[in-house]
Amino acid sequence: PFKKDTMAPSEYIAACENGDKKNEFYKVIVDERPYFPFFRVENEDSIRLVASLLVDDSPDYSPDLAITKISGGITNQLYRVSGLQHKSHTAVLIRLFGAEGMIDRHVENATYAALARQGFAPAYFGRFANGRVEQWLDAKPLDVRELGLLDTNCTSPRSSSCSVSSTAAFTRIS
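Before going into details, it helps to say that this report is about the structure given with it.

**Structural notes on the overall build of the protein**
Link 1 in the chain: Looking only at helices and strands, the protein features 5 helices and 7 strands.
Link 2 in the chain: For the protein, the sequential pattern of α-helices and β-strands runs α-β-β-α-β-β-β-α-β-β-α-α.
Link 3 in the chain: For the protein, the residues scored as buried account for 40% of the 174 residues in total.
Link 4 in the chain: At a minimum sequence separation of 6, the contacts of the protein that also span at least 24 residues come to 45%.
Link 5 in the chain: Summed over all atoms, the accessible surface of the protein reaches about 10,400 Å², with 53% contributed by carbon and sulfur.

Next comes the structure, spelled out in structure tokens:
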């Protein structure tokens, strides 16, 4: 069952305000996942490091981890990191937030974490100052034109957005 008290934007804010700002590896658990509020991803080495920290729970990363820039992020930069040693996830998506100041990332991330816990979003591994780590899904990203073609009114019985069981399950959490 969905726990309404799990969305925790205030916990993200408290971690930023009360944490050890001199330690970029200061970590707190928010939304049941690690959050590094002072660690910023700015280059390929830091992408590899954050993937290893949040997925493999290790500060040691291999320089052999493959990084691929993914197109399709409207406000975010997206990267696929593969070659991880995690038992069930060998590739992840690193999402570097864009549109700073326009989107409340604390609220967005708390919402994403809640959806991931309920199985409505890819797995959520954790967050860092300027992004988060998500499960990699092998799929084709939709472009803006294709997003406009989605059948959100459920007029087509073949529309994946109209799965009866998914719709019923989703309404239980709102």
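**Notes on helix 2 (residues 44-55)**
Link 1 in the chain: With 12 residues, helix 2 extends 16 Å from end C-alpha to end C-alpha; this agrees with the ideal 16 Å at 1.5 Å per step.
Link 2 in the chain: Turning to helix 2, its buried residues number three or more, namely S46, I47, R48, L49, V50, A51, S52, L53, L54 and V55.
Link 3 in the chain: Its buried side turned inward, helix 2 meets strand 2 (33-36), strand 3 (66-70), strand 4 (77-82), strand 5 (91-96), strand 6 (124-128) and strand 7 (131-135).
Link 4 in the chain: Capping the start of helix 2, N43 holds a side-chain oxygen 3.1 Å from the backbone nitrogen of D45, two or three residues further along.
Link 5 in the chain: Looking one or two residues past helix 2, D57 carries a phi angle of roughly 55°, positive in sign.

**Topic: a nonpolar patch on the surface**
Link 1 in the chain: On the surface, a nonpolar cluster with roughly 420 Å² of combined accessible area is contributed by I74, L142, V144 and L147.
Link 2 in the chain: On the secondary structure map, V144 appears in helix 4 (residues 144-148).

**Concerning the nonpolar core**
Link 1 in the chain: Core analysis: the biggest nonpolar cluster contains 21 residues, and V50, V81, V92, I94, F128 and V133 have the highest contact counts within it.
Link 2 in the chain: Sorting the residues of this core by element identifies helix 2, strand 4, strand 5 and strand 6 as the ones contributing at least two each.
Link 3 in the chain: Ranked by residue count, the leading element in this core is helix 2, at 7 residues.
Link 4 in the chain: Setting aside residues no more than four positions away along its own chain, V50 makes contact with F39, V41, I94, F128 and V133.
Link 5 in the chain: In this structure, A15, A113, A121 and Y124 belong to the second largest nonpolar core, which totals 10 residues.

**Re the pattern of salt bridges**
Link 1 in the chain: This structure, assessed with the given rule, holds 7 salt bridges.
Link 2 in the chain: Measuring nitrogen to oxygen at the nearest pair gives 3.5 Å for the salt bridge that ties E42 to R40.
Link 3 in the chain: For R40, a relative accessible area of 44% puts it in the partly exposed group.
Link 4 in the chain: Residue E134 is joined to R132 by a salt bridge in which the shortest nitrogen-to-oxygen separation is 2.7 Å.
Link 5 in the chain: R132 sits in the buried class, given a relative accessible area of 4%.

**Some remarks on the pairing of strand 2**
Link 1 in the chain: The pairing of strand 1 (residues 28-30) with strand 2 spans 3 bridges and is classified as antiparallel. By the bridge assignment, V28 is partnered in strand 2 with Y35.
Link 2 in the chain: Between strand 1 and strand 2, which pair antiparallel in sequence order, lie 2 residues; one of them, D31, sits at a positive phi of approximately 55°.
Link 3 in the chain: Inspection of the sheet shows strand 2 paired to strand 6 by 2 bridges, in the parallel sense. Following the sheet pairing, Y35 is matched in strand 6 by R127.

**Notes on the sheet that holds strand 1**
Link 1 in the chain: One open sheet accounts for 7 strands, arranged 1-2-6-7-5-4-3; its pairing is mixed. The open sheet has two edge strands with one neighbour each: strand 1 and strand 3. Direction aside, the axes of adjacent strands within the sheet are offset by 25° on average.
Link 2 in the chain: Where strand 5 meets strand 7, 5 bridges bridge the pair, whose relative direction is antiparallel. Bridged to I94 within strand 7 is V133.
Link 3 in the chain: Contacting strand 1, strand 2 and strand 6, helix 1 (residues 9-18) crosses the sheet at an angle of about 165° to strand 1.
Link 4 in the chain: Where helix 3 (residues 105-117) meets the sheet, its contacts fall on strand 2, strand 6 and strand 7, and the angle it forms with strand 6 comes to roughly 165°.

Conventions and cut-offs
- Residues numbered from 1 in each chain as written.
- Predicted model: local features only at pLDDT ≥ 70, side-chain atom pairs only at ≥ 80, totals over all residues.
- Heavy atoms only, no water.
- Helix = DSSP H or I, 4+ residues; strand = E, 2+ residues; numbered from the N terminus.
- Buried < 20%, exposed > 50% of the residue type's maximum accessible area, 1.4 Å probe, protein only.
- Contact = heavy atoms within 4.5 Å.
- Areas by Shrake-Rupley, 256 points an atom, 1.4 Å probe, with all protein chains shown as cover.
- Expected span 1.5 Å × (residues − 1).
- Polar contact = N/O pair within 3.5 Å; in protein donor to acceptor, adjacent residues only side chain to side chain.
- Patch = residues over 30% accessible without salt bridge, like charges linked within 9 Å, V, L, I, M, F, W, Y side chains within 5 Å.
- Salt bridge = Lys/Arg side-chain N within 4 Å of Asp/Glu carboxyl O.
- Core = buried A, V, L, I, M, F, W, Y, C linked by side-chain atoms within 4.5 Å.
- Pairing = 2+ DSSP bridges.
- Axes fitted to C-alpha atoms, helices over the stretch in contact; angles between N-to-C directions.

So yeah, pure geometry; function would need other evidence.
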